[in-house]
Amino acid sequence: MDARTQGPRHHLGSGCSVTTRMLTCAGAPALEVVEAEPEGTGVGAPILFVHGAFGGAWMWREIFLPYFARRGRASMAVSLRGHGTSQGQEQLRTTRLSDYCADVRCALMECKEPPIIVAHSLGGLLAQMLIGREEMRALVLLASLPPEGLMLNSLRLALTHPQVWLEAFLGSVTTSKLPIRMAAHHGLFSEALPREQVARYSSKMVPEAPHALAEAHLSHPVMSATVFGIPTLV
């Protein structure tokens, strides 16, 4: 866990600095980690951000990480294997949800104390699967996949937005980034967002692991956060 490649540190004005590095986990691909450190002594539990399907740690770097770091919270975002600049792109076709959970566990081991986990979409399902298995101070789920899986939501999307559904599907069964970029342009961003920003963000999105997405459509046993005393915001 202590083998790492340190990237440049970027000072974002007053209040924090951001560093990107590679985190080495035994028997697994090296993972991209983006960290925002507050100036001076931090306050409260650290925050770990977990992205969803097709994304990466870059989703949190621009706004979320600096926002909380400037308010004294040490913050970190991890790119799951095959996402961002993490290794493992060549194994995506055989990657499963259990592999992604292992990646989140690897990032959790870097936290000096149990963190607040903020997780989006597929990352929210991963965080829920770790309830009772890993320590966390609190849990925030943003547009999270439910424990019962995506089956009903996927059918609804296929009926109401078939083009977006098809492009997202092709983004998991092909190695091309084009289908998911098209889906991003058609339905994943607000219409008010300038098109050049949509193009910049969608260019960072990657094909998703087909096995992991298939598993995400199924029901998963998830422990109750209340039983473990974990404050949760959905």
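Now for a description of the structure that goes with this document. (Residues numbered from 1 in each chain as written. Predicted model: local features only at pLDDT ≥ 70, side-chain atom pairs only at ≥ 80, totals over all residues. Heavy atoms only, no water.)

**A look at the packing of aromatic side chains**
All chains considered together, the criterion is met by 6 aromatic pairs. Between Y67 and F68, the aromatic rings sit 5.1 Å apart at their centres with planes inclined by 80°, giving edge-to-face as the arrangement. Given the relative accessible area of 39%, Y67 is considered partly exposed. One aromatic cluster is present, formed by F49, W60, F64, Y67 and F68 through successive ring pairs. Taking NZ or CZ as reference, R71 lies 3.7 Å from the ring centre of Y67, over its face. (Phe/Tyr/Trp six-rings, centres within 6.5 Å; stacked < 30°, edge-to-face > 60°. Buried < 20%, exposed > 50% of the residue type's maximum accessible area, 1.4 Å probe, protein only. Lys NZ or Arg CZ within 6 Å of the ring centre and 35° of its normal.)

**A look at a nonpolar patch on the surface**
Nonpolar side chains collect at one region of the surface, where M151, L152, L155 and L218 lie side by side and expose about 410 Å² of accessible area between them. Within the secondary structure, L218 is located in the loop between helix 9 (210-216) and strand 8 (232-233). (Patch = residues over 30% accessible without salt bridge, like charges linked within 9 Å, V, L, I, M, F, W, Y side chains within 5 Å. Areas by Shrake-Rupley, 256 points an atom, 1.4 Å probe, with all protein chains shown as cover. Salt bridge = Lys/Arg side-chain N within 4 Å of Asp/Glu carboxyl O. Helix = DSSP H or I, 4+ residues; strand = E, 2+ residues; numbered from the N terminus.)

**Here's the deal with helix 8 (residues 195-202)**
V198, Y201 and S202 are the residues of helix 8 that are buried. The buried residues of helix 8 occupy one face: seen down the axis, they fall within an arc of 95°. (Arc of directions from axis to C-beta.)

**Describing the side chain of S75**
Position of S75 relative to the elements: it lies in strand 5 (residues 75-78). A polar contact of 3.2 Å, which involves the side chain of S75, links it to the backbone oxygen of R73. Ignoring any residue separated from it by four or fewer positions in sequence, one finds S75 in contact with V34, E35, A36, I47, F49, L65, F68 and A69. (Polar contact = N/O pair within 3.5 Å; in protein donor to acceptor, adjacent residues only side chain to side chain. Contact = heavy atoms within 4.5 Å.)

**Here's the deal with the pattern of salt bridges**
This structure, assessed with the given rule, holds 7 salt bridges. In this structure, E110 and R21 form a salt bridge, with 2.8 Å as the shortest nitrogen-oxygen distance. One end of the pair, E110, is in the loop between helix 3 (97-108) and strand 6 (116-120); the other, R21, is in strand 2 (residues 16-23), and 89 residues separate them in sequence. Exposure class is identical for E110 and R21. Each is buried. A salt bridge links E215 to R96; the nearest nitrogen and oxygen atoms lie 3.5 Å apart. You can see E215 sitting in helix 9 and its partner R96 sitting in the loop between strand 5 and helix 3, a full 119 residues away along the chain.

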